[in-house]
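Given next are the chains, with one letter for each unit.
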Amino acid sequence: MARILITSALPYINGIKHLGNLVGSQLPADLYARYMRQRGHEVMFICATDEHGTPAELAAAKTGEDVAEYCARMHDVQAELAEGFRLSFDHYGRSSSARNHALTQHFAGKLAENGLIEEVSEKQVYSHADGRFLPDRYIEGTCPNCGYDKARGDQCENCTKQLDPTDLINPRSAISGSTDLEVRETKHLYLRQSLLKDEIDRWIDSQTDWPILTTSIARKWLHDGDGLQDRGITRDLKWGVPVKKGDADWPGMEGKVFYVWFDAPIEYIAATAEWADANGKSDADWERWWRTDKGGNDVRYVQFMGKDNVPFHTLSFPATIMGSREPWKLVDYIKSFNYLNYDGGQFSTSQGRGVFMDQALEILPADYWRWWLLSHAPENSDSEFTWENFQASVNKDLADVLGNFVSRVTKFCRSKFGEAVPAGGTFGPAEEALIADLTPRIRAYEAHMEAMEIRKAAGELRAIWVAGNEYLQSAAPWSAFKTDPETAAAQIRLALNLIRLYAVLSRPFIPDAAASMLAAMQTRDDSWPDDVPAALAALPSGHAFTVPDVLFRKITDEEREGWQEKFAGARV
RNA sequence: GGGCCUGUAGCUCAAUUGGUUAGAGCAGAGCGCUCAUAACGCUUUGGUUGGGGGUUCGAGUCCCUCCGGGCCUACCA
């Protein structure tokens, strides 16, 4: 038994996430966590809402709420949706927690002690009307290069030229439109990542089995131009972790907070402490996951995220950990994902284009989405959601191949033998062949799950379901029953046991359907099929079962067309 | 501009890292079965691996070039 620490990239607080966000981090992390638990490993699966930063403040202002209230409310909304998708977090924390405040300040203090923090005076644009400093991209104006009048302060979207906010002609606040702007001197802390470049570089080089997507993004940032650049880790905002050096004040940094990307990854650790607090555990209970001097050396730490998050997880967070010179756990494996597109374009939170988590659950149960998203996870390149593909995949895989298998077996048994596993008969060559086929398939499925090859795992699982239908066709218990009911009984006994086996194997992908299948088989035996022949004898003769309701109803053409239309444009 | 990823059957994707005749699923066609959610099974059509050139006994895989798609480029997170 191993100990596995799993974190999913933290969803930002600012609104409900779409399916692209879901499939890029939380959902595959859940698949892995569920699988590892089922294999008997000790799992700590952590997620949290990422609550700081300018967009959170602006979103709160828009609804008229205090930012703390807004975040508390949206945290609950996201937690409920996570529950709806059956994301099995051990703890769903908040980056605004007291634990994270303390830990973030602690790390900053250690980094300062180790000479890795630099105070830098710089000029930033202040908006009088908004009462705040503006990040570069919140300043709009006319591009000096191409004349585009909605150029942002960091870059012109029209001609792609990199800009400085002071380059803009007629600059204005993107928040209020105010032109009452002023360039002010302000002091910020920089994390001197450049001093850790070689250390990080060697660490990345030693990760030979990471996805190319992960290492290539890390190397780009390490080697591009002048190499890894120092990074500002404070902001002039009100909402966030106040800048402190451990417990002590930080002279000259009053009224400033840490940059959200400094405190967000630290929340992985802090959320584990929140877990301990919430469950009456001690510090030692969470430290054994995170401190290599307190038991964490045995832990395998795996992170899941979309490709946009990779730089922060391969560079800045490791720089924080390494630079502390304290024995914190570094990540062992980073599983990163490309983007899921929506019907020929991108999912867009701002334009309301695509399907969002709340809408998805209003339409269909979580298992439908889990199966499609995971079996089409954008592992090697961006992938695309279309309603046609969704309908076809879900109807075929879930309704026809798996659901109908359960249905045909249980209904046949009920009508011929009654609602209990029939006795009599013996296994012949067809049964031996099925078992011989299933064993290597299950081993392959396990290997794909271990390797986080999600599409391949889904494909193998589906093939395992298909094997059941192939077996039924060749055994044809409906024919055998007419001349040799004993043989038919043995065949159906095996088929009923297949349902239990499928429930166990399928649970990481479709937990609700798996639970329904186990409930219908009236068994709590959900042990993993290390021994396949034994697993197929788990339900003995005479064991009562029930015929379940249709596991997966089909998506009709009318529904599909309606959804296509409904989700094409802006969100209502 | 620079960098990275990507292009394989109508669609979605594989191909043990350079090895024999490029494979699956879906869709299409044909046959079979009748237990089942008109479900299932079997067979089958379909590819100049984006174009061109090169290295090699051998290239989907490596190199060059052109074309297309996507992402990143450090103050959104």
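Residues numbered from 1 in each chain as written. Chains lettered and ligands numbered in written order. Predicted model: local features only at pLDDT ≥ 70, side-chain atom pairs only at ≥ 80, totals over all residues. Heavy atoms only, no water.

As named in an unreviewed UniProt entry, chain A is Methionine--tRNA ligase, taken from Actibacterium naphthalenivorans. Of the comments in the UniProt record for chain A, the one headed Catalytic activity (unreviewed entry) reads "tRNA(Met) + L-methionine + ATP = L-methionyl-tRNA(Met) + AMP + diphosphate". For chain A, the Subcellular location (unreviewed entry) comment in UniProt is given as "Cytoplasm". (UniProt positions renumbered as here; feature names shortened; annotations may be inferred.)

**A word on the state of the cysteines**
In this structure the tally under the stated criterion is 0 disulfides. This cysteine, Cys 71, is not joined by any disulfide, and Cys 47 carries the nearest cysteine sulfur, 15 Å off. (Disulfide = S-S within 2.5 Å.)

**Re the packing of aromatic side chains**
If you walk through the whole model with that rule in mind, you get 29 aromatic pairs. By the ring-pair criterion, three or more aromatic residues cluster together here, those being Tyr 342, Trp 369, Trp 372, Phe 385, Trp 387, Phe 390, Trp 563 and Phe 567. The side chain of Lys 245 reaches across the aromatic face of Trp 250, ending 4.7 Å from its centre. (Phe/Tyr/Trp six-rings, centres within 6.5 Å; stacked < 30°, edge-to-face > 60°. Lys NZ or Arg CZ within 6 Å of the ring centre and 35° of its normal.)

**Some remarks on the UniProt feature "binding site: Zn(2+)" (unreviewed entry) in chain A**
When the UniProt feature table is mapped to this numbering, "binding site: Zn(2+)" (unreviewed entry) covers Cys 143, Cys 146, Cys 156 and Cys 159. Assignment of secondary structure puts Cys 146 in the loop between strand E6 (139-142) and strand E7 (151-152). In this fold, Cys 156 is placed in the loop between E7 and strand E8 (169-173). (Helix = DSSP H or I, 4+ residues; strand = E, 2+ residues; numbered from the N terminus.)

**Details of the protein's contact with RNA strand B**
Around RNA strand B there are 54 residues in total, and Arg 137, Gln 346, Asn 380, Asn 404 and Lys 411 lie nearest to it. Near the protein, meaning within 4 Å, the atoms of RNA strand B are sugar or phosphate in a fraction of 69%, with bases accounting for the rest. At 3.1 Å from a sugar or linking oxygen of RNA strand B is found a side-chain nitrogen or oxygen belonging to Asp 136. The backbone of Gly 227 places a nitrogen or oxygen atom 3.4 Å from a base nitrogen of RNA strand B. Every element with two or more residues in the surface near RNA strand B is listed here: helix H3 (54-63), strand E4 (117-127), helix H7 (212-223), helix H8 (260-278), helix H13 (387-416) and helix H15 (454-475). Here the element with the most residues in the surface near RNA strand B is H13; it accounts for 10 residues. Here the residues of the surface near RNA strand B are counted per class, giving 17 nonpolar, 17 polar and 20 charged. (Near = heavy atom within 4 Å. Polar contact = N/O pair within 3.5 Å; in protein donor to acceptor, adjacent residues only side chain to side chain. Nonpolar A, V, L, I, M, F, W, Y, C, P; charged D, E, K, R; others polar.)

**Quick word on the pattern of salt bridges**
Per the counting criterion, the structure on display carries 38 salt bridges. Arg 553 serves as the salt-bridge partner of Glu 559, at 2.8 Å between the closest nitrogen and oxygen. Note on Arg 553: relative accessible area 38%, which makes it partly exposed. What you see here is one network of salt bridges that share partners, running through Arg 39, Arg 443, Glu 446 and Asp 530. (Salt bridge = Lys/Arg side-chain N within 4 Å of Asp/Glu carboxyl O. Buried < 20%, exposed > 50% of the residue type's maximum accessible area, 1.4 Å probe, protein only.)

**Some words on the side chain of Glu 267**
As for its placement among the helices and strands, Glu 267 is situated in helix H8. The side chain of Glu 267 sits in the buried core without any salt bridge; Arg 94 is the nearest counter-charge, 7.9 Å away. With residues near it in sequence (within four places) discarded, Glu 267 still touches Leu 10, Ala 48, Gly 93, Arg 94, Ser 95, Ser 97, Asn 100 and Glu 274. (Lys, Arg positive; Asp, Glu negative; His and termini not counted. Contact = heavy atoms within 4.5 Å.)

**Some remarks on the domain arrangement of chain A**
The domains assigned to chain A are domain 1 (3-114 + 193-337), domain 2 (117-191) and domain 3 (369-535). Domain 1 and domain 2 are separated by 28 Å when their C-alpha centres are compared. Counting from both sides, the interface comprises 26 residues of domain 1 and, opposite them, 16 residues of domain 2. Taken over both partners, the interface formed by domain 1 and domain 2 buries close to 1,700 Å², and the fraction arising from carbon and sulfur atoms is 60%. It is Leu 58, Asp 236 and Trp 250 that lose the most area in domain 1 upon contact with domain 2, and together they represent 28% of the buried surface on that side. Across the domain 1-domain 2 interface, the total number found is 1 salt bridge. Of the charged contacts, one joins Glu 57 and Arg 132 as a salt bridge, the two residues approaching to 2.3 Å between their closest N and O atoms. Summed over the shared surface of domain 1 and domain 2, the number is 11 residue pairs in polar contact (both at pLDDT 80 or more). (Domains from an automatic or database assignment. Buried area = accessible area lost by both parts, 1.4 Å probe.)

**Considerations on the nonpolar core**
In terms of nonpolar packing, the biggest core is built from 170 residues, with Leu 19, Ile 200, Trp 369, Trp 387, Phe 390, Leu 438 and Phe 509 touching the most fellow members. Considering every element that reaches this core, the biggest residue donor is H13, with 12 residues. Each residue touching Trp 369, except ones within four places of it in the same chain, is listed here: Leu 19, Phe 85, Val 355, Ala 360, Leu 361, Ile 363, Leu 364, Leu 374, Phe 385, Trp 387 and Phe 390. Grouped together as the second largest cluster of nonpolar side chains are 8 residues, Leu 134, Ile 139, Cys 143 and Leu 168 included. (Core = buried A, V, L, I, M, F, W, Y, C linked by side-chain atoms within 4.5 Å.)

**A closer look at the sheet that holds E8**
Spatially, 3 strands are ordered E7-E6-E8 in an open sheet, and the strand pairing comes out antiparallel. Where the open sheet ends on each side, the last strands, each with one partner, are E7 and E8. Note that E6 and E8 share 3 bridges and pair antiparallel. Paired with Ile 139 across the bridge in E8 is Ser 173. (Pairing = 2+ DSSP bridges.)

**Some words on the pairing of E6**
Sheet topology note: the E6/E7 ladder contains 2 bridges and is antiparallel. Among the inter-strand pairings, Glu 140 is bridged to a residue of E7, identified as Arg 152.

**Section: unusual backbone geometry**
The phi torsion at Arg 86 lies on the positive side, around 65 degrees, for a residue other than glycine. With respect to the secondary-structure elements, Arg 86 resides in the loop between helix H4 (67-84) and strand E3 (91-94). Residues other than glycine seldom take positive phi values, yet Met 452 does so here, at roughly 60 degrees.

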